[in-house]
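# Structure assessment
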Amino acid sequence: MTETPPDRVGSTFVVITIAVLVSGLFVGSLYEIYAREERSAELGFELAEASQNARTGVDLVARELRSAGYGINAAIQPSIVVGSQYRITFALDLNGNRRIDRGEIITYFLDPSAGDPLVTANSNPFDFVLRREVSADGDPLATPVSGRGEIVAYGLTQRSRDSAASKDVPLFSYRNSDGDPLELKPGAESDPVGVFFGKTVSSADLGVPPGAGSTSRVKTVVVSMVTETNQRNLESGHYDRVTIATSVEPHRAASGMEVQ
């Protein structure tokens, strides 16, 4: 019976060990490539979803805001009641009866709460939701209250870059005929219901209180929504973000209207 020399046994063992290590590295590399492709596809889906979400939110706000003031007599009811950087309240004659009834003062606002399920389910720590609140008995001005109102967009961060520790892209900007942002005029104050909503347009520039010689100086409202992916991009280490913006000119035709 022939025995295998010890040196050949050792050589075989070394060869097998090297083969196993090479195979492991190869399989590991394949898995890493697969994982990266999966993560890249997931991020691509998240970015597309974020883009669509922002576009839907902008379209909804723009559509209603474009009709704000239609049929309203500015001497009785201002079109925009409150104009802040992260909240807008305006009048809209939804049923066309030439009166402002219950449910026809509308507020869009960035909800400051971090406890909403749509926020807590997201690993991105900078998310907010956009809510739509309408006037009701006991709340004729559709006051923005955290957690109350229909969610019309989510995943909004309103950040221009990762290094921004808080929102720095206004959701709304109110421009006069020269294109100047009225909410940033010297002496501009914070929103009446909280500093979270940022600087607000003065009552005088909104045409409040309504009356003879009192007219709104708001020519256009720029609506900008910034959304980000839930996870950081593996290549850049940053959140991928998309900004959707549009400029809206609220309807300013005046005719008689009763306010209910």
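Reference entry: report on the structure contained in this document. (Residues numbered from 1 in each chain as written. Predicted model: local features only at pLDDT ≥ 70, side-chain atom pairs only at ≥ 80, totals over all residues. Heavy atoms only, no water.)

### Re the side chain of Ser84
Selection criterion: Going along the chain from the N terminus, every DSSP run of H or I of four or more residues is numbered as a helix, and every run of E of two or more is numbered as a strand. A simple rule labels every residue: compare its accessible area, found with a 1.4 Å probe on the protein chains alone, to the largest value its type can have, and call it buried under 20%, exposed over 50%, or partly exposed in between. The criterion used for residue contact is that any of the two residues' heavy atoms lie within 4.5 Å.
Structurally, Ser84 is set in strand S1 (residues 80-84). Classification of Ser84 as buried rests on a relative accessible area of 0%. Ignoring anything within four residues of it in the chain, the contact list for Ser84 reads Phe172, Tyr174, Asp191, Phe197, Gly198, Lys199 and Thr200.

### Details of the packing of aromatic side chains
Counted only if it meets this: Paired rings are identified among Phe, Tyr and Trp, the last through its six-membered ring, by centres lying within 6.5 Å, and are further divided according to the angle between planes into stacked (under 30 degrees), edge-to-face (over 60) and tilted (the rest). Only lysine NZ and arginine CZ atoms are considered, and such an atom sits over a ring when it is within 6 Å of the ring centre and within 35 degrees of the ring normal.
All told, the structure shown has four aromatic pairs when counted by the stated rule. Relative to Tyr108, the ring of Phe90 lies with its centre 6.3 Å away and its plane at 20°, an arrangement referred to as stacked. You can see Phe90 sitting in strand S2 (residues 87-91) and its partner Tyr108 sitting in strand S4 (residues 105-111), a full 18 residues away along the chain. The same class applies to Phe90 as to Tyr108, namely buried. Relative to Phe197, the ring of Phe196 has its centre 5.6 Å away and its plane inclined at 90°; by these criteria the two rings are edge-to-face. Residue classification places Phe196 among the partly exposed residues on the basis of a relative accessible area of 21%. For Phe197, a relative accessible area of 5% gives the class buried. Here a set of aromatic residues connected by ring pairs shows up, and it is made of Phe109, Phe128, Phe196 and Phe197. Its guanidinium or amino end placed over the ring of Phe126, Arg159 lies 3.7 Å from that ring's centre, counting from NZ or CZ.

### Some points on the environment of Glu46
Summarising the element assignment, Glu46 is placed in helix H1 (residues 6-66). The spatial distance from the C-alpha of Glu46 to the C-alpha of Thr229 is 5.4 Å, given a sequence separation of 183 residues. Not counting the four nearest positions on each side in its chain, Glu46 is found in contact with Thr229, Asn230 and Gln231.

### Some details on the pattern of salt bridges
We apply this condition: Just to be clear on terms, a salt bridge is a Lys or Arg side-chain nitrogen sitting within 4 Å of an Asp or Glu carboxyl oxygen.
This structure, assessed with the given rule, holds 15 salt bridges. Where Arg87 meets Asp191, a salt bridge forms, and the shortest distance between an N and an O atom there is 2.9 Å. With Arg87 in strand S2 and Asp191 in the loop between strand S7 (172-175) and helix H3 (203-206), this pair connects stretches of sequence that are 104 residues apart. With relative accessibility at 4%, the residue Arg87 sits in the buried group. For Arg161, the salt bridge identified is with Asp168, shortest N-O distance 3.1 Å. Assessed through its relative accessible area of 43%, Arg161 is described here as partly exposed. One salt-bridge network, in which partners are shared between bridges, spans Arg159, Asp162, Glu228, Arg232 and Arg241.

### Re unusual backbone geometry
Trans peptide bonds make up the majority, and among non-glycine residues the majority have a negative phi. Its identity as a non-glycine residue notwithstanding, Ala142 has a phi of 50°, on the positive side. Mapping Ala142 onto the fold places it in the loop between strand S5 (128-134) and strand S6 (150-156). The buried category is assigned to Ala142, whose relative accessible area is 0%. Although it is not a glycine, Gln158 sits at a positive phi angle of roughly 55°. Within the secondary structure layout, Gln158 lies in the loop between S6 and S7. On the accessibility criterion, Gln158 (0% relative accessible area) is buried.

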